[in-house]
Amino acid sequence: MPAIRTLLSGRGSWVVWATAAAGVLLSIAAAAWQARSNADRLNDTLRDETERVADLISDRVKRLEYGLLSARGLALGIGWDKLSREAFVRYAASRNIDHEFPGARGVGVIRRVRPEQEAAFSTGAAADGWPDFAIRALAPHGDERFVIQYIEPVDRNRQAVGLDIGSEANRRRAANDALRTGQATLTGPITLVQASGKPRAGFLILLPVYPDPVTAVDTSNRAARALGWTYAPLVIDEVLAALGLDVQTYRLTIADVDGTTTTPFYDSSDTTSEVTEFRSTTERAVAGRIWRVDVQALPTFLAAQHFVAPSTVGLLGLLLTFLAAATLVAWNRARAHALALEAEREQRAVAMQISHDAIVMADADGLITDWNDGAQTLFGYHRAEVLGRGVVELLVPPEHHEQSSALRLRVKQGHGVPAFETQRLDRDGQLIDVSMAAVPLPRKEGRFTGVSISMRDIRPAKQAERAVQQLNASLELQVVQRTALLDTAQRTLRTMLDAMPSQIGYWDTDLRNRVANSAYGTWFGVDVQGLEGLHMREVIGEALYAQSLPKLQAALAGERQTFYEQAVDKADGSGKRHAQVIYLPDIVNGEVQGLFTMVHDVSELMEGRQRLAAALRDSQALLSTLQAHSLVSITDRTGRIVEVNDHFCAVSKYSREELVGQTHRVVNSRVQSPAFWAEMWKTISSGRSWRGDVCNRAKDGSLYWVDSIIAPFVGEDGRIEKYVSIRTDITQRNEFREQLLRTNERFAIAAAAAGLGFWDFDVARNATRWDDQMFRLFGHAG
């Protein structure tokens, strides 16, 4: 104090000027620092908001994939070919699409239709609850059609039913990318046919549907074998509306980045909106696309930050400089008053360092001596209403009286109470969650003078905490439900696998078993429950393992293996077993994680092949004999020759080229009557076989006789396709018979002349018996 009084005398006036100059310089520096601090904080806030918005958008689109997975599960569960509009409508009715997937216009099914299938597909779709169904294209093309068959809710998506999304390049590329990658894929910005008033603000998200899990992981074949897609149409305005973004304080723009091409598709403000120089940009991978999110602060965004203006800091510094100088000048005159103010300022400083919220001061008896605006806002009492009233009586609930007494005792002992959570009463008697701290006021002459209490409203935090607890409880319930569903699915899968007669298993890269169905026990006579962890050598035996090892190594190198296993002894010793073996690598992110084995028992097939081969050999021998000794010809249903064998050509003396295309009239000798041939045609055209002796004429004019069998062959439609004729050359036999008949006739005349009248017989009918008798009687005569 004496030093200051000296400085304020005439000789110390330079201190005032030095203080003023230093204050001005510090004020300018403080204003500049405040400006930089505001800009840094604003950029950080804007960057955080940009990242938050980008994460919200990415998560919202990701959430839509779950809806598509559910729809895909329905389609595969029912069967892709059995999925009907009625079943899809029931599925959609079971889901709250607007609540579960905010921003999606609906969920639907797209099918692949080849051009030649288009008419049949449209007819089937019309019969499936949509009589007016027709395939529509955005542009003509000759490739495979990608047709929207179902979409629910259909009332707001009616224009999309029947649309061929493959007729537009953007949509087609996304559909093909989804088939190739196996992942949910977004199109670039498009104009939805059901939202034509919002150009280039729409998207389709497509999830491929494969016939089975093996196809889904087979990168070489899944695009060709894919059945179609489940999909959802989006409008970006509707997606963002569900996120509750504060686009009143900043301008949000989103663009699709495709290589060097950037396509903006959303802008929250018009181009005339006033913006600041503060902006932040980030990019996100969203379902196969890159989206660039740009946030540019509006003046309202800056105002909402409640930053201290640099000018305010400068003015405050100048004001403090003025006050400091004035204080120095007036120090002597206001010393007594300053000492009083200093004591009061010390009390207020202690209270302010605890909290900037509700501050209540009480004396040693617990009566309120000060009540700030924060306390008035929090509890609803005006300052005049509470001064002189007890803190406990006014604010403390009865259940917290004991706690309050312990707090008061601690403070009276000179100890502060760090912040803790408790409850206090407001003017209406409602409980308020607060964070509370207390410190004792400076003692006077060693006596306790009072306490400063700071209280902060933590109701929003408590509500958020309760919301988190409820969410955690909900998530735990969902986990339990999903676990139960997974257990059911696993049991179902195990039941299905055990029902399969073929071996189905999974082996890791060390060829140790991880999954095996019941067929393993049947094939190898082992307990399936004990297979997990065993090496393949221990399961199938050393010999079979050595035989299979090269194929196993190739599969672990990423090459699918399909082969027939050599015959091996059955476990029960009942014979040999033949098997078809498939080793399918399990490839994840380009690395082989193990392999699936599928082994099918083909013993019956192999034995059947062996029996068939033997039958074919017998048939070939029979056919060779037939070809060598019979005349064979084949005609179509009109009787035109389509094939003859070499023996037919040799006997008829016609070449094959001269006979093919002709009818059998070319060899007709005219010996048989037209009625003979009419009866023959009547028989074979009715589907019955015919047999008879026929006299034919060779190319050189000579006659020859054949014993002919003609058999009709009937096709799958029940109509006769062709006639097969098998003939035996009986010319020599007939000539011999004629000779016998003439000889018999001579013998008969000779017998009659000799008086042998007891031989009365019909020569033609008993020729053979007559021949025998004549030989016995007259054979010696020649």
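Residues numbered from 1 in each chain as written. Predicted model: local features only at pLDDT ≥ 70, side-chain atom pairs only at ≥ 80, totals over all residues. Heavy atoms only, no water.

A. Spotlight on the overall build of the protein chain. When you go through the protein chain residue by residue, the secondary structure sums to 26 helices and 26 strands. Taking all 782 residues of the protein chain together, 38% fall into the buried category. Accessible surface for the protein chain amounts to roughly 44,100 Å². Of this, 55% is attributable to carbon and sulfur atoms. (Helix = DSSP H or I, 4+ residues; strand = E, 2+ residues; numbered from the N terminus. Buried < 20%, exposed > 50% of the residue type's maximum accessible area, 1.4 Å probe, protein only. Areas by Shrake-Rupley, 256 points an atom, 1.4 Å probe, with all protein chains shown as cover.)

B. Layout of the packing of aromatic side chains. Under the defined criterion, the tally for this structure stands at 15 aromatic pairs. For the pair Phe88 and Tyr91, a centre-to-centre distance of 5.7 Å together with 45° between the ring planes defines the contact as tilted. One end of the pair is Phe88 and the other is Tyr91, both in helix H3 (residues 85–93) and three residues apart, which spans about a single turn. Residue Tyr91 is classed as buried on the basis of its relative accessible area, which comes to 10%. (Phe/Tyr/Trp six-rings, centres within 6.5 Å; stacked < 30°, edge-to-face > 60°.)

C. Up close: the layout of surface pockets. In this structure, the second largest pocket spans a volume of roughly 630 Å³. As for the second largest pocket, its lining consists of 15 residues, and the residues nearest its centre are Tyr66, Leu69, Ser70, Arg95 and Arg482. Put simply, the parts of the chain that give the lining of the second largest pocket at least two residues each are helix H2 (13–78) and helix H17 (459–499). Counting residues per element, the lining of the second largest pocket draws most heavily on H17, at seven residues. Looking at the lining of the second largest pocket residue by residue, the classes come out as eight nonpolar, three polar and four charged. (1 Å grid on protein atoms, 1.4 Å probe; cavity = no way out; pocket = protein on both sides within 12 Å on 5 of 7 lines; lining within 4 Å. Points joined across faces, edges and corners; volume = space filled by probe spheres on them. Nonpolar A, V, L, I, M, F, W, Y, C, P; charged D, E, K, R; others polar.)

D. Up close: the pairing of strand E7 (residues 228–235). Burial analysis of E7 places eight of its eight residues in the buried class, which makes it a mostly covered element. Here E7 shows no split at all, with Gly228, Thr230, Ala232 and Leu234 on one side and Trp229, Tyr231, Pro233 and Val235 on the other all buried. Pairing of strand E1 (residues 107–113) with E7 involves four bridges; the strand directions are antiparallel. Bridge pairing in E7 links Gly108 to Tyr231. Pairing between strand E6 (residues 202–209) and E7: eight bridges, direction antiparallel. The residue of E7 that forms the bridge with Val209 is Gly228. (Pairing = 2+ DSSP bridges.)

E. Examining the nonpolar core more closely. Residues Leu186, Ile205, Leu234, Ile236, Leu240, Leu252 and Trp291 are the most contacted members of the largest nonpolar core, which totals 49 residues. If near-sequence neighbours (up to four positions away) are discounted, Ile236 is found in contact with Ala201, Phe203, Phe265, Tyr266 and Trp291. Residues Ile135, Val154, Ala174 and Leu179 belong to the second largest nonpolar core, which totals 30 residues. (Core = buried A, V, L, I, M, F, W, Y, C linked by side-chain atoms within 4.5 Å. Contact = heavy atoms within 4.5 Å.)

F. Focus on the sheet that holds strand E11 (residues 289–297). One open sheet accounts for four strands, arranged E9-E8-E11-E10; its pairing is antiparallel. The sheet is open, and its two borders are formed by strand E9 (261–267) and strand E10 (279–286), each paired with just one other strand. Taking each pair of neighbouring strands and ignoring which way they run, the sheet shows an average axis angle of 25°. Two elements, strand E8 (residues 250–258) and E9, share six bridges in a ladder whose sense is antiparallel. (Axes fitted to C-alpha atoms, helices over the stretch in contact; angles between N-to-C directions.)

G. Expanded view of the pattern of salt bridges. Evaluated as defined, the whole model comprises 38 salt bridges. Across the pair Glu421 and Lys462 runs a salt bridge, and its minimum N-O distance is 2.7 Å. Of the two residues, Glu421 is situated in strand E14 (residues 417–425) and Lys462 in helix H17; the sequence distance between them amounts to 41 residues. The buried category is assigned to Lys462, whose relative accessible area is 19%. Between Asp707 and Arg691 there is a salt bridge whose closest N-O contact spans 2.6 Å. One end of the pair, Asp707, is in strand E25 (residues 703–714); the other, Arg691, is in strand E24 (residues 690–697), and 16 residues separate them in sequence. Relative accessible area serves as the criterion here: at 58%, Arg691 is assigned to the exposed category. Where salt bridges share partners, they join Arg173, Asp256, Asp258 and Arg289 into one cluster. (Salt bridge = Lys/Arg side-chain N within 4 Å of Asp/Glu carboxyl O.)

H. Spatial organisation of the environment of Gly525. Secondary-structure assignment places Gly525 in the loop between helix H18 (519–524) and helix H19 (536–540). In this structure, the C-alpha to C-alpha distance between Gly525 and Val539, residues 14 residues apart in sequence, is 9.6 Å.

I. Local environment of the sheet that holds strand E26 (residues 720–729). Read from one edge of the open sheet, five strands run E23-E22-E26-E25-E24, paired in antiparallel fashion. On the outer flanks of this sheet lie strand E23 (641–644) and E24, each paired with one strand and no other. Strand-to-strand twist of the sheet, defined as the mean angle between neighbouring strand axes without regard to direction, takes the value 30°. Bridge count for E24 against E25 is eight bridges, and the pairing is antiparallel. Among the inter-strand pairings, Asp693 is bridged to a residue of E25, identified as Asp707. Relative to the sheet, helix H24 (residues 674–685) contacts E24, E25 and E26, its axis offset from that of E24 by approximately 135°. On top of the sheet, helix H25 (residues 731–753) reaches E24, E25 and E26; it is set at about 130° to E25, its chief contact.

J. Representation of the environment of Ser220 in the model. For Ser220, the location among the structural elements is in the loop between helix H7 (213–217) and helix H8 (222–225). For the pair Ser220 and Arg180, spaced 40 residues apart in sequence, the C-alpha to C-alpha distance is 8.7 Å. One polar contact links Ser220 to Asp218, side chain to side chain, over a distance of 2.7 Å. (Polar contact = N/O pair within 3.5 Å; in protein donor to acceptor, adjacent residues only side chain to side chain.)

K. A look at a positive patch on the surface. Taken together, the side chains of Arg640, Arg665, Arg670 and Arg697 define a basic patch exposed on the protein surface. Along the chain, Arg640 falls in the loop between strand E22 (631–636) and E23. (Patch = residues over 30% accessible without salt bridge, like charges linked within 9 Å, V, L, I, M, F, W, Y side chains within 5 Å. Lys, Arg positive; Asp, Glu negative; His and termini not counted. Charge placed at Lys NZ, Arg CZ, Asp CG, Glu CD.)

L. A look at empty space enclosed by the protein. Taken as a whole, this structure holds two cavities of 30 Å³ or more when the rule is applied. Here the largest cavity is characterised by a volume of approximately 50 Å³. For the lining of the largest cavity, a count of residues per class yields seven nonpolar, one polar and one charged. Considering only enclosed or pocket space, the second largest cavity measures out at about 30 Å³ in volume. Every residue along the wall of the second largest cavity is listed here: Gly67, Tyr91, Arg95, Ile97, Phe101 and Val107. Split into classes, the residues belonging to the lining of the second largest cavity amount to four nonpolar, one polar and one charged.

M. Up close: the confidence of the model for the protein chain. Summarising the model, the protein chain shows a mean pLDDT of 83, and 86% of its residues fall at 70 or more. In this model residues 758–782 is a low-confidence stretch, pLDDT under 50, and it forms 23 contacts with partners more than four residues away in sequence or in other chains. (pLDDT = per-residue confidence, 0-100.)

N. The arrangement of helix H20 (residues 542–556) in detail. The sharpest bend along H20 reaches about 50° and sits at Ser548, with the proline Pro550 one to four residues further on. Of all the residues in H20, the buried ones are Leu544, Tyr545, Ser548, Leu552, Ala554 and Ala555. One or two residues past the end of H20 sits Gly558, with phi positive at roughly 100°. (Bend = angle between axes of the 7 residues up to and from the residue.)

O. Structural context of unusual backbone geometry. Of the consecutive residues Glu152 and Pro153, the connecting peptide bond is found in the cis state with omega at 0°. Tracing the sequence through the fold places Pro153 in the loop between strand E3 (145–152) and strand E4 (163–164). Look at Leu511: it is not a glycine, yet its phi comes out positive at around 60°. The topology assignment puts Leu511 in the loop between strand E17 (503–508) and strand E18 (513–516).

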